[in-house]
Amino acid sequence: MREIRKNVPYALFLAPAIIIYTIITFIPVVWTFFYSFTNFNGLSEYEFVGLNNYIQAFTTKNVVQSFRNTLLYAVAVPVSVTVLAIPLAVILSGKMKSRNLQRAIFFFPSVISSLFIGYIWNFILSASKYGLVNSILTGLGMEKLLLLSDPDSAMLLLILVTVWCNLGWHASIYIANIQTISPEFYEAAEVDGASAFDKFRYITFPMLAPAMTTSVMLLLTGSLKAFDMPFALTSGGPGYATTMITQTIITEGIGANRVGFASAMAFIFLFTIAVVSTIQTKFMTKREDNLR
Amino acid sequence: MKIRNSRLAALLMVPALLLAGCGNGASTQEASPAQDDQQETESGTEEKQEEAPDTETGEEAGEESTAAKGDVSGTLSILSWYAEDKMQPILDGFTAQYPDVTLDFQHVSSENSQYAQKLTLLANAGELPDLFYLQPPITLMASNGYLAEISGIDAVKALPETYQSSYSYEGGVHAYCPDAWIGGVFYNKTMFEDHNLEVPKTYDDFLNICKTLSDAGIKPLAADANSVIDYVYWLHNTEVLSEDIGFNSKIDTGEKTFEEGYLEALTIFKEDLVDTGYIGQDVVGTTDDQRMTEFAMGDAAMTISGPWAVSGFKEKNPDLDFSIFPYVGTEGQVLTVGALNVAIAMNAQPQNQAAAEAFLNYLGSEEGMSAYQSMTGNFLGVDTVSYEIDPVLDPIRECAANGQFAYPDVTWEFQATLSDMIKKGVQEIILGTTTPQELVKALDEKETELRNNK
Amino acid sequence: MKRRKTLLHVQEAVMLLICAVFFIPIYYLIVSTFKTQNEIVKAPLALPAHFTLMNYAKAFQAISFFRSFGNSLFVTAISVTLIVVISAMAAYTLARKREARVVKFLDWYLFLGFLIPLQTTMIPLFSIMKGLKLTNSLLGLIFLHCNGCVFGSFLYKGFIKALPEDLEEAARIDGAGTTRIFWKIVFPLLKPITTTLVIFNVMWTWNDFLYTYLFISSSDKSTLIMQVYNGVGQYYNDWSVMMPVLVIALLPMVIFYLILQNQIIGGLTMGSMKN
């Protein structure tokens with residue numbers, strides 16, 4: 001009895017978070033799961049249609065393609081941001097005079113709403129003569145580039161723009177982590193005659209595991225859920241080249257009054273995210289544990 | 001397994017689409033269980049009219065006694081397609097006449113089908129405002145009893161027959177739309193004069209113009225990823241719709257197919273505009289604003305758009321000398337681009353019916369109409385109000401007067417899915433990753449699938 | 001040693017060049033706001049030939065700045081405060097009672113929430129919010145933003161685990177209850193990570209767009225980002241109005257960054273996921 005009374009405050013501490021989360025996230029997910037077996041259109045009564053929506057999702061060409069796009073994007077973005085942010089963090093932790101200015105400039109894009117980043121970059125990367133890049137090129141007497149009107153380069157540019165707006169922010173996470181690394185490690189390494197690269201390879205990089213867990217997790221879930229930016233930059237085009245699954249759920253499903261179908265797509269997607277993120281977290285945490 | 005009741009059956013039996021409805025609604029309404037909501041609302045409307053029979057025309061409505069206006073009070077909620085600063089003159093005019101009404105103005109941008117999503121959410125939760133804008137097709141909303149029948153409202157009665165029937169369901173008007181946008185092909189007059197070109201009389205003339213310009217090193221057409229479809233709809237308009245204006249409703253019933261209506265247009269589009277290079281790959285990575293800039297700055301000779309584009313052109317390049325011509329067919333038949341505007345519907349269970357009706361009637365009044373016209377810049381369906389349309393648009397005025405305009409995809413029942421699909425498909429045709437045959441086949445399959453799953 | 005110094009200068013020069021390239025889009029956005037549309041098209045990167053504030057005048061006309069700014073401030077301030085309190089409390093239980101089976105389960109249950117995009121659940125969520133009478137209400141919006149406590153508790157949990165329990169034990173022996181121990185002893189120690197969390201959530205809440213447009217209808221309850229977004233739709237053909245609207249929406253975040261610049265890194269330093 002005393003044991004229970006002692007635990008009451010702990011339960012009360014946890015309760016608000018659990019209640020909010022259950023209402024905002026969990027119940028709607030269960031509800032979505034239920035809808036995914038119906039032909040609900042958002043407006044009228046519905047019938048159960050079994051696995052029909054799931055079968056349709058797997059056989060609709062653009063649904064499959066948008067799945068593929070999302071997966072490609074969700075692999076490319078975390079990898080490129082991490083590969084660039086760690087060296088950037090090391091440099092920005094150095095002794096440069098303009099260090100703070102540089103940090104501010106790199107951080108700046110992340111305070112802008114991602115939707116507007118998409119709009120700004122669209123203006124820069126448009127295939128039209130009046131896109132900023134093309135107007136510079138034609139001004140210099142060169143041929144204009146296809147940029148966003150080529151399916152492959154559209155995807156590449158979408159990834160680049162995402163890297164642009166996330167780089168500084170994630171570098172900050174690593175900078176913070178670097179500052180916690182005790183200088184003694186480096187002093188010891190210097191005594192042993194280690195090169196700058198050796199120091200990075202054997203001290204800095206392994207010690208960054210905690211920051212990496214958070215950073216990669218944020219990047220991975222963020223890019224799987226990406227919605228605003230790809231839409232504002234390319235509207236999912238050309239064709240379906242940069243259409244993300246979240247976009248398909250909205251336009252093919254809810255916008256078209258096919259809530260049942262949208263729910264099935266959502267559920268396949270949720271399942272994918274859950275699997276990917278669980279694997280990622282397991283892997284990352286293990287790396288952190290090795291640190292101890 | 002059916003849940004709740006069987007309103008779906010009513011939906012299936014009713015091919016109520018563009019030009020299908022007729023008559024002045026009220027008396028031809030068939031009684032069915034599904035119509036209970038509307039019936040109630042409708043009889044309510046009629047009662048109100050008996051009480052206030054003096055609202056015969058807009059003008060008289062303006063002089064209505066203050067006592068009658070005193071009855072109209074409370075809060076009126078409106079979900080608008082247009083942003084608040086654009087609507088402001090109308091809102092101000094309305095509250096000046098009905099000072100007791102407080103407006104709860106709501107607005108959702110129409111970008112990225114957000115308006116449609118929001119409307120679905122509100123409807124599903126029973127949270128629809130008193131008045132809300134509605135895009136065609138209205139079948140789904142009307143058949144599920146979300147829309148009040150408004151045939152009896154004076155402002156609605158004043159509209160021409162085609163305007164009423166376009167937003168009708170089962171013979172009753174369910175949304176109020178007083179205006180239509182009508183466009184065509186804008187062309188650069190200076191360029192045409194420099195190359196001794198004349199406004200095309202047939203589609204072949206148009207192709208020749210493109211060739212002459214292209215040979216002279218001028219980009220003939222400015223287009224963007226989203227609206228390049230208009231070149232396909234052009235041929236669909238002049239070759240298919242000019243023969244059978246109801247063609248697209250027949251796609252909904254399965255009587256006609258995309259292959260019959262669009263394959264030829266898509267093939268001509270690919271062979272005569274894409275393969276010739278008049279429409280290049282850059283189009284699929286260009287936005288609306290950018291192609292407008294290209295046209296305005298004299299980098300391209302022609303572009304397809306509507307009335308809203310005129311002020312943009314002038315602002316971007318005040319020296320631009322331009323005009324417009326309508327879509328012309330292979331035999332010289334004219335059926336240009338245009339459609340009725342989005343319409344305003346009334347909630348089937350409005351919180352404040354009196355104010356909602358007063359608002360519609362205010363829009364229908366002379367003052368309301370001219371304010372509305374200056375907001376949308378469109379052609380009005382009623383001829384009681386005189387208004388200025390930019391003289392640049394004079395060449396298509398006749399099309400507006402004769403109803404020679406159409407926009408195919410607005411009438412498809414599964415417009416939201418199919419219109420996106422055909423637009424993306426046209427982009428893929430330009431990229432060379434799909435063919436017209438594959439596209440129409442995919443469209444027909446999708447349409448059948450959606451119809452069977454309804 | 002001298003060679004090393006030269007190297008540092010070269011490095012700095014290269015980095016500044018990269019920064020300049022990195023900054024071009026922002027420069028382009030800002031410089032365009034002082035030009036006429038014709039000039040934007042003709043000389044995109046040049047400094048304005050005829051400096052004009054007309055665009056800002058037009059932009060202020062297009063959006064109701066003060067009302068929406070006030071709404072944004074209200075929603076952001078309250079949401080972020082609530083997120084901090086709720087997350088810290090939840091994380092305390094998650095960290096200190098992590099051996100209990102029910103806590104383990106709830107930890108996993110919360111983690112799933114991280115993964116779910118709103119697009120997939122908005123229809124049922126809207127019905128629930130309507131049932132709670134929280135649609136078209138700023139309080140409802142705040143409630144929705146509180147879902148940020150899932151990430152918050154994740155961040156706090158790692159930090160609390162790393163805190164030594166001695167102080168808490170000592171206080172308990174002195175007769176202090178759990179609630180008192182948490183607020184008097186633990187919470188003040190969380191300050192660095194709290195700063196981090198505040199920064200993240202201010203950014204997210206201020207820039208939120210999806211919750212706002214789905215759940216807020218009335219114009220007088222709209223936030224600044226919403227106003228800007230509506231402007232995008234409306235002025236899509238007139239970037240000379242669009243760009244200053246974007247700058248206006250950015251400005252509060254830039255000021256926020258400049259004020260907290262040192263804490264952002266500092267906060268992350270201490271806070272950074274001491275697992």
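The structure contained in this document is the topic of the report that follows.

### Things to note about the interface of chain C and chain A
The extent of an interface is frequently quoted as the accessible surface area lost upon association of the parts.
Argument step 1. On the side of chain A, 88 residues touch chain C, which itself brings 86 residues to the contact.
Argument step 2. Of the roughly 8300 Å² buried between chain C and chain A, counting both surfaces, carbon and sulfur atoms make up 79%.
Argument step 3. Contact with chain A buries surface across chain C, with F22, Y109 and Q119 of chain C losing the most and accounting together for 9% of the total.
Argument step 4. Here chain C is connected to chain A by zero salt bridges.
Argument step 5. For the pair chain C and chain A, the interface holds eleven residue pairs in polar contact (both at pLDDT 80 or more).
Argument step 6. Looking at the side of chain C that touches chain A element by element, the count peaks at 14 residues for helix α1 (residues 2-32) of chain C.

### Looking at the packing of aromatic side chains
Argument step 1. Inspection of the entire model under this criterion finds 65 aromatic pairs over all chains.
Argument step 2. Judged by centre distance (6.2 Å) and plane angle (70°), the rings of F108 of chain A and F23 of chain C are edge-to-face. Of this pair, F108 of chain A sits in the loop between α4 (99-107) and α5 (114-125) while F23 of chain C sits in helix α1, each in a different chain.
Argument step 3. Residue F108 of chain A is classed as buried on the basis of its relative accessible area of 14%.
Argument step 4. Above the face of the Y10 of chain A ring, K97 of chain C is positioned so that its terminal group lies 4.7 Å from the ring centre.

### Observations regarding the interface of chain B and chain A
Argument step 1. Counting from both sides, the interface comprises 44 residues of chain B and, opposite them, 46 residues of chain A.
Argument step 2. Overall, the association of chain B and chain A removes approximately 3800 Å² of surface from exposure, summing both partners, and the carbon and sulfur fraction of that is 51%.
Argument step 3. One can count five salt bridges joining chain B with chain A.
Argument step 4. Residues K129 of chain A and D299 of chain B are paired through a salt bridge, measuring 2.6 Å at the closest nitrogen-oxygen approach.
Argument step 5. When contributions to the side of chain B that touches chain A are tallied by element, the ones reaching two or more residues are α1 (7-13), α6 (114-124), α7 (139-143), α15 (288-296), α20 (415-431) and α21 (436-453) of chain B.
Argument step 6. Residue composition of the side of chain B that touches chain A, by class: 14 nonpolar, 16 polar and 14 charged.

### Details of the sheet that holds strand β10 (residues 322-325) of chain B
All names here are of chain B.
Argument step 1. Taken together, the four strands give an open sheet; going across it, the order is β8-β9-β7-β10, and neighbouring strands pair in mixed fashion. Edge positions in the sheet fall to β8 (219-221) and β10, since each has one partner strand and no second. Shown here is a sheet whose adjacent strand axes are inclined to one another by a mean of 20°, direction ignored.
Argument step 2. The sheet contact formed by strand β7 (residues 184-188) and strand β9 (residues 300-305) spans four bridges and is antiparallel. What sits directly across from V185, in β9, is I304.

Rules used in this analysis
- Residues numbered from 1 in each chain as written.
- Chains lettered and ligands numbered in written order.
- Predicted model: local features only at pLDDT ≥ 70, side-chain atom pairs only at ≥ 80, totals over all residues.
- Heavy atoms only, no water.
- Contact = heavy atoms within 4.5 Å.
- Buried area = accessible area lost by both parts, 1.4 Å probe.
- Salt bridge = Lys/Arg side-chain N within 4 Å of Asp/Glu carboxyl O.
- Polar contact = N/O pair within 3.5 Å; in protein donor to acceptor, adjacent residues only side chain to side chain.
- Helix = DSSP H or I, 4+ residues; strand = E, 2+ residues; numbered from the N terminus.
- Phe/Tyr/Trp six-rings, centres within 6.5 Å; stacked < 30°, edge-to-face > 60°.
- Buried < 20%, exposed > 50% of the residue type's maximum accessible area, 1.4 Å probe, protein only.
- Lys NZ or Arg CZ within 6 Å of the ring centre and 35° of its normal.
- Nonpolar A, V, L, I, M, F, W, Y, C, P; charged D, E, K, R; others polar.
- Pairing = 2+ DSSP bridges.
- Axes fitted to C-alpha atoms, helices over the stretch in contact; angles between N-to-C directions.

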